[in-house]
Amino acid sequence: MSKAMLIDLTECAGCGVCAEACKKEHNLPGKVGKTLDYANYTVVNEVTDDVYMRNLCRHCVDPTCASVCPVSALHKTPEGPVVYDFDLCIGCRYCMMACPFQIPKYEWHKPIPQVRKCIMCYDTRIKKGLPTACAEACQNEGGGATYFGERDELLKMAHQRIKDNPDTYHNFVYGEHEVGGTNVMFLLPKNVPLEKFVPYGLKNNLPTEPLPDLTWNVLNKIPVFVPVWATFLTGMWWLNNRKIEVEKNNGIKPKDNDENKGE
Ligand code: SF4
Ligand code: SF4
Ligand code: SF4
């Protein structure tokens, strides 16, 4: 049995209560944003009139981010969430490259940056038998779109909804099979083509098998990969900081953009 969330996008009001609750739960700085970054583990964006997409880590059943991590900083817990250990993370960003949903983000602004993402409230709630903060807030104060529970039961509920309302939903549960299945799943409104959700975090045409080939064991055996990637990372870090420094010297306030925020 593993804990999961089902987000019924036909019920999402776009209120952002989920994102606010996440910030509060994890003491994340700043206001709720529109793009995932080190301070926004979940975001809500309008796809089309009154239809919203919520983006966050999918807590993959067989997570590629964990398989590529050279120091095992990321791992799948028996309860379902994919979590990470700050003390182990060396900031290599392999997980960022490997994630099929482009979820992990980077602390560009810190001298010793680390990767950040949704951890499904593992320490503060799941371990204590509580629902995630975002699901609780959505049910109590939001549109009631985010459900928390056992993955099997949520899947049953999702399929029942599709069966009862075939004109309302696309005829599948997104996340049931994608990349081997995920612990965050979606029901999608039938009147909006899937492609419309893609710019806001839904990935189309993903394989139904996990992505086990892209592992640290494989990357490690490619002789040029590690030094080239390490040089690239150092260069990106230097360029980013140099840009901020130049802007400061010219009296320009550094832009509050994704690059500087940790995209
Ligand atoms: S969505 Fe990405 S970051 Fe989240 S568990 Fe899957 S591979 Fe890892
Ligand atoms: S599950 Fe927890 S960490 Fe993830 S988005 Fe919801 S509140 Fe944030
Ligand atoms: S709280 Fe619920 S209804 Fe409001 S934006 Fe988040 S998922 Fe949608």
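- Under an unreviewed UniProt entry, the name given to the chain is Formate dehydrogenase iron-sulfur subunit, and the source organism is Thermotomaculum hydrothermale.
- Quoted verbatim from the Subcellular location (unreviewed entry) field of UniProt, the annotation for the chain is "Cell envelope".

Structural notes on the overall build of the chain
(1) Moving on: Helix and strand content of the chain: 8 helices and 9 strands.
(2) Moving on: Per-residue burial for the chain yields a buried fraction of 50% across its 263 residues.
(3) Moving on: Long-range pairs, those at least 24 residues apart, make up 61% of the contacts in the chain with a sequence separation of at least 6.
(4) Moving on: Summed over its atoms, the accessible surface of the chain is roughly 13200 Å², and 54% of this surface lies on carbon and sulfur atoms.

Observations regarding the side chain of Thr 182
(1) Moving on: When you line up the elements, Thr 182 lands in the loop between α5 (151-164) and β9 (184-187).
(2) Moving on: A polar contact is formed between the side chain of Thr 182 and the backbone oxygen of Val 184, at a distance of 2.8 Å.

Points about the sheet that holds β9
Hydrogen bonds between backbone groups are what pair the strands of a sheet, and the pairing can be parallel or antiparallel.
(1) Moving on: Spatially, the 3 strands line up as an open sheet ordered β8-β1-β9, and their pairing is mixed. The open sheet is flanked by β8 (146-150) and β9, the only strands paired with a single partner. When the angles between neighbouring strand axes are averaged without regard to direction, this sheet yields 25 degrees.
(2) Moving on: The sheet strands contacting helix α4 (residues 133-141) are β1 (3-8) and β8, and the helix crosses β8 at an angle near 130 degrees.
(3) Moving on: Strands β1, β8 and β9 of the sheet are contacted by α5, whose axis makes an angle of about 130 degrees with β8.

A short note on the site of ligand 3
(1) Moving on: Around ligand 3, the surrounding shell consists of Cys 12, Ala 13, Gly 14, Cys 15, Gly 16, Val 17, Cys 18, Val 44, Arg 54, Cys 138, Gly 143 and Thr 146.
(2) Moving on: When the residues that make up the shell around ligand 3 are grouped by side-chain class, the tally is 7 nonpolar, 4 polar and 1 charged.

Here's the deal with the pattern of salt bridges
It is possible for side chains bearing opposite charge to pair when their charged atoms get close.
(1) Moving on: Enumeration according to the criterion identifies 8 salt bridges in this entry.
(2) Moving on: Between Glu 11 and Arg 161 there is a salt bridge, and its shortest N-O distance comes to 3.2 Å. Taken as a pair, Glu 11 in the loop between β1 and α1 (17-26) and Arg 161 in helix α5 lie far apart in primary sequence, 150 residues in all.
(3) Moving on: Residue class for Arg 161 comes out buried when judged on its relative accessible area of 18%.
(4) Moving on: Residue Lys 127 is joined to Asp 123 by a salt bridge in which the shortest nitrogen-to-oxygen separation is 3.0 Å.
(5) Moving on: Take Lys 127: its relative accessible area is 51%, and that puts it in the exposed class.
(6) Moving on: Where salt bridges share partners, they join Asp 8, Glu 11 and Arg 161 into one cluster.

A closer look at the environment of Ala 13
(1) Moving on: Examined against the element boundaries, Ala 13 turns out to sit in the loop between β1 and α1.
(2) Moving on: Linking Ala 13 and Tyr 52, residues 39 residues apart in sequence, is a C-alpha distance of 7.2 Å.
(3) Moving on: In contact with Ala 13, not counting residues within four places along its chain, are Tyr 52 and Gly 143.

Focus: the nonpolar core
(1) Moving on: If you look at the biggest cluster of nonpolar residues, it comprises 51 residues, and the most contacted ones within it are Leu 9, Leu 74, Phe 186, Leu 188 and Phe 197.
(2) Moving on: Of all the secondary-structure elements, those providing two or more residues to this core are β1, α1, β2 (43-48), β3 (51-55), α2 (64-68), β5 (82-84), α4 and β9.
(3) Moving on: Among the nonpolar cores identified, the runner-up in size contains 11 residues, and Leu 6, Ala 158, Ile 162 and Met 185 belong to it.

Considering the site of ligand 2
(1) Moving on: If you check the shell around ligand 2, you find Met 5, Cys 22, His 26, Thr 42, Arg 54, Cys 118, Ile 119, Met 120, Cys 121, Thr 132, Ala 133 and Cys 134 and nothing else.
(2) Moving on: Those elements giving two or more residues to the shell around ligand 2 turn out to be α1 and α4.
(3) Moving on: Along the lines of polarity and charge, the residues of the shell around ligand 2 split into 8 nonpolar, 3 polar and 1 charged.

Examining the environment of Glu 178
(1) Moving on: Along the chain, the position of Glu 178 falls in the loop between α5 and β9.
(2) Moving on: Look at Glu 178 and you get buried, because its relative accessible area is 15%.
(3) Moving on: Remark: the alpha-carbon pair of Glu 178 and Asn 205, spanning 27 residues in sequence, is separated by 8.6 Å.
(4) Moving on: Leaving out residues up to four positions away in the same chain, Glu 178 has contacts with Val 173, Leu 206 and Pro 207.
(5) Moving on: Separated by 2.7 Å, the side chain of Glu 178 and the backbone nitrogen of Gly 175 make a polar contact.

Definitions and cut-offs
Residues numbered from 1 in each chain as written. Chains lettered and ligands numbered in written order. Predicted model: local features only at pLDDT ≥ 70, side-chain atom pairs only at ≥ 80, totals over all residues. Heavy atoms only, no water. UniProt positions renumbered as here; feature names shortened; annotations may be inferred. Helix = DSSP H or I, 4+ residues; strand = E, 2+ residues; numbered from the N terminus. Buried < 20%, exposed > 50% of the residue type's maximum accessible area, 1.4 Å probe, protein only. Contact = heavy atoms within 4.5 Å. Areas by Shrake-Rupley, 256 points an atom, 1.4 Å probe, with all protein chains shown as cover. Polar contact = N/O pair within 3.5 Å; in protein donor to acceptor, adjacent residues only side chain to side chain. Pairing = 2+ DSSP bridges. Axes fitted to C-alpha atoms, helices over the stretch in contact; angles between N-to-C directions. Near = heavy atom within 4 Å. Nonpolar A, V, L, I, M, F, W, Y, C, P; charged D, E, K, R; others polar. Salt bridge = Lys/Arg side-chain N within 4 Å of Asp/Glu carboxyl O. Core = buried A, V, L, I, M, F, W, Y, C linked by side-chain atoms within 4.5 Å.

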